[in-house]
Amino acid sequence: MTGSVVVLAVAYLLGSIPFGYLAGRTAGIDLRQHGSGNTGGTNAVRVLGPKRGVPVILLDVAKGALAVLVAKHYGGVGLEVLAATAAMAGHMFPVFLGFGGGKGVAVGLGATAALVPVIGLIAVPLWLGLLLLTGYVSVGSIVTALAISLMAFLFDEPWQVEAFCVAATVIVLWRHRENIGRLRSRSEHRVNIRGWWAARRSTAA
């Protein structure tokens, strides 16, 4: 029992590491005062640009996956799911920033990939593809969250995993409600990842 509590505490603290906030500080910017006001990867990309924002997303994915991988050494699927939930909670309500964090998409994606690698192998390219195709981080996040829940049932995963995926999807949709409103009004902010990458390659050449 004590071991499980420690694992969940570690998962929460991993989720609480505010990579977006730290990236902003390297540029002299407090993400909490710009864009949407949260410290997640989407706002990091929007405010700081892809050069700093994309690594934030990748690190958030990694901390979600790491939380689940730690749990794998101490318990079964139930503990892994609880660790994934704790990591998401830490990201959204980080103790280090007064419990104001991101929307939980990247950390949830990483946690899901560690829980069910085959879903991760589909979900990550899906998210990236939608981002590149539409230019909207929110579209990639929303559609991928819905797809993850669908895949959990299609692949007949344990009920704990299915419950986590559905709960995570609901949370992602709720926390993107303002983005959904902006998408409907066609006022959502686009991110030109392809343009940034082309410019970077041109500079390097």
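Residues numbered from 1 in each chain as written. Predicted model: local features only at pLDDT ≥ 70, side-chain atom pairs only at ≥ 80, totals over all residues. Heavy atoms only, no water.

K.L.:
Is there a simple way to explain the overall build of the protein in this structure?
P.N.:
In terms of regular secondary structure, the protein is built from 11 helices and zero strands. In the protein, the succession of α and β elements from N to C terminus is α-α-α-α-α-α-α-α-α-α-α. The C-alpha radius of gyration computed for the protein amounts to 17 Å, which stays within 12% of the reference 17 Å derived for 205 residues, consistent with globular compactness. In terms of its C-alpha atoms, the protein occupies a principal-axis envelope of roughly 50 × 40 × 35 Å. Of the contacts formed within the protein by residues at least 6 apart in sequence, a portion of 64% connects residues at least 24 apart. (Helix = DSSP H or I, 4+ residues; strand = E, 2+ residues; numbered from the N terminus. Rg over C-alpha atoms; globule rule 2.2 N^0.38 Å. Contact = heavy atoms within 4.5 Å.)

K.L.:
Mind showing me how you'd approach the nonpolar core here?
P.N.:
General note: in soluble globular proteins, nonpolar side chains tend to be found buried as a group. Among the nonpolar cores identified, the biggest contains 31 residues, and L115, I148 and F164 are the most heavily contacted of them. Among the elements of the structure, α1 (2–16), α4 (50–72), α5 (77–92), α6 (105–115), α7 (117–134), α8 (137–154) and α9 (159–175) are those that each provide at least two residues to this core. Top contributing element to this core by residue count: α5, with eight residues. Setting aside chain neighbours within four positions, we find L115 in contact with V68, K72, E80, V81, A84 and F164. Among the nonpolar cores identified, the runner-up in size contains nine residues, and V45, I57, L131 and V137 belong to it. (Core = buried A, V, L, I, M, F, W, Y, C linked by side-chain atoms within 4.5 Å. Buried < 20%, exposed > 50% of the residue type's maximum accessible area, 1.4 Å probe, protein only.)

K.L.:
Help me out: how do you make sense of the pattern of salt bridges in this one?
P.N.:
A side chain of one charge can pair with a side chain of the opposite charge if their charged atoms are brought near each other. Scanning the model with the defined rule gives five salt bridges in all. Between D60 and K63 there is a salt bridge, and its shortest N-O distance comes to 3.3 Å. One end of the pair is D60 and the other is K63, both in helix α4 and three residues apart, which spans about a single turn. For D60, a relative accessible area of 1% puts it in the buried group. (Salt bridge = Lys/Arg side-chain N within 4 Å of Asp/Glu carboxyl O.)

K.L.:
Mind showing me how you'd approach the packing of aromatic side chains here?
P.N.:
Here the distance between the centres and the angle between the planes together describe a pair of aromatic rings. Evaluated as defined, the whole model comprises zero aromatic pairs. A cation over an aromatic ring shows up here: R175 above the ring of F93, its NZ or CZ 5.6 Å from the ring centre. One Lys or Arg, R177, reaches over the ring of W174 and ends 4.0 Å from the middle of that ring. (Phe/Tyr/Trp six-rings, centres within 6.5 Å; stacked < 30°, edge-to-face > 60°. Lys NZ or Arg CZ within 6 Å of the ring centre and 35° of its normal.)

K.L.:
Teacher, can you tell me more about α7 here?
P.N.:
Helical geometry: 3.6 residues make up each α-helical turn, so side chains three or four residues apart lie on a common side. Between the first and last C-alpha of α7 there are 26 Å, a value that for 18 residues agrees with the 26 Å anticipated at 1.5 Å per step. Looking at α7, one finds that the buried residues are I119, G120, A123, W127, L130, L131 and T134. In a view along the axis of α7, the buried residues occupy a sector of 110°, so they form one face of it. Turned more than 90 degrees from where α7 packs its buried face, L121 and L133 sit exposed. (Expected span 1.5 Å × (residues − 1). Arc of directions from axis to C-beta.)

K.L.:
Would you mind going over the packing of α5 against α6 with me for this structure?
P.N.:
When two helices pack together, their arrangement is given by the angle between the helix axes and the distance between those axes. Remark: α5 packs on α6, axes separated minimally by 9 Å, with the N-to-C direction vectors making an angle of 165°. Taken together, the axis directions place α5 and α6 in an arrangement best described as roughly antiparallel. Note that α5 runs across α6; the crossing there is right-handed. Contacts between α5 and α6 pair E80, V81, A84, A87, M88 and H91 from the former with V107, G108, A111 and L115 from the latter. Counted by class, the contact of α5 with α6 contains seven nonpolar, two polar and one charged residues. (Axes fitted to C-alpha atoms, helices over the stretch in contact; angles between N-to-C directions. Parallel < 35°, antiparallel > 145°, perpendicular 65-115°, else oblique. Left-handed = near helix turned anticlockwise from the far one by under 90°. Nonpolar A, V, L, I, M, F, W, Y, C, P; charged D, E, K, R; others polar.)

K.L.:
Whenever I open this one, the layout of surface pockets confuses me. Can you help?
P.N.:
Empty space among the atoms can be located by rolling a probe the size of a water molecule over them. Its volume calculated, the second largest pocket comes out at about 220 Å³. Top contributing element to the lining of the second largest pocket by residue count: helix α10 (residues 177–184), with four residues. Among the residues making up the lining of the second largest pocket, the classes are represented as two nonpolar, seven polar and six charged. (1 Å grid on protein atoms, 1.4 Å probe; cavity = no way out; pocket = protein on both sides within 12 Å on 5 of 7 lines; lining within 4 Å. Points joined across faces, edges and corners; volume = space filled by probe spheres on them.)

K.L.:
What should I look at first to understand unusual backbone geometry in this one?
P.N.:
Negative phi values dominate among residues other than glycine, just as trans dominates among peptide bonds. Positioned with a positive phi, D156 is a non-glycine residue whose angle comes to about 55°. Along the chain, D156 falls in the loop between α8 and α9. Residue class for D156 comes out exposed when judged on its relative accessible area of 64%. The backbone of R186 shows a phi angle near 60°, a positive value even though the residue is not glycine. Mapped onto the fold, R186 is located in the loop between α10 and α11 (193–204).

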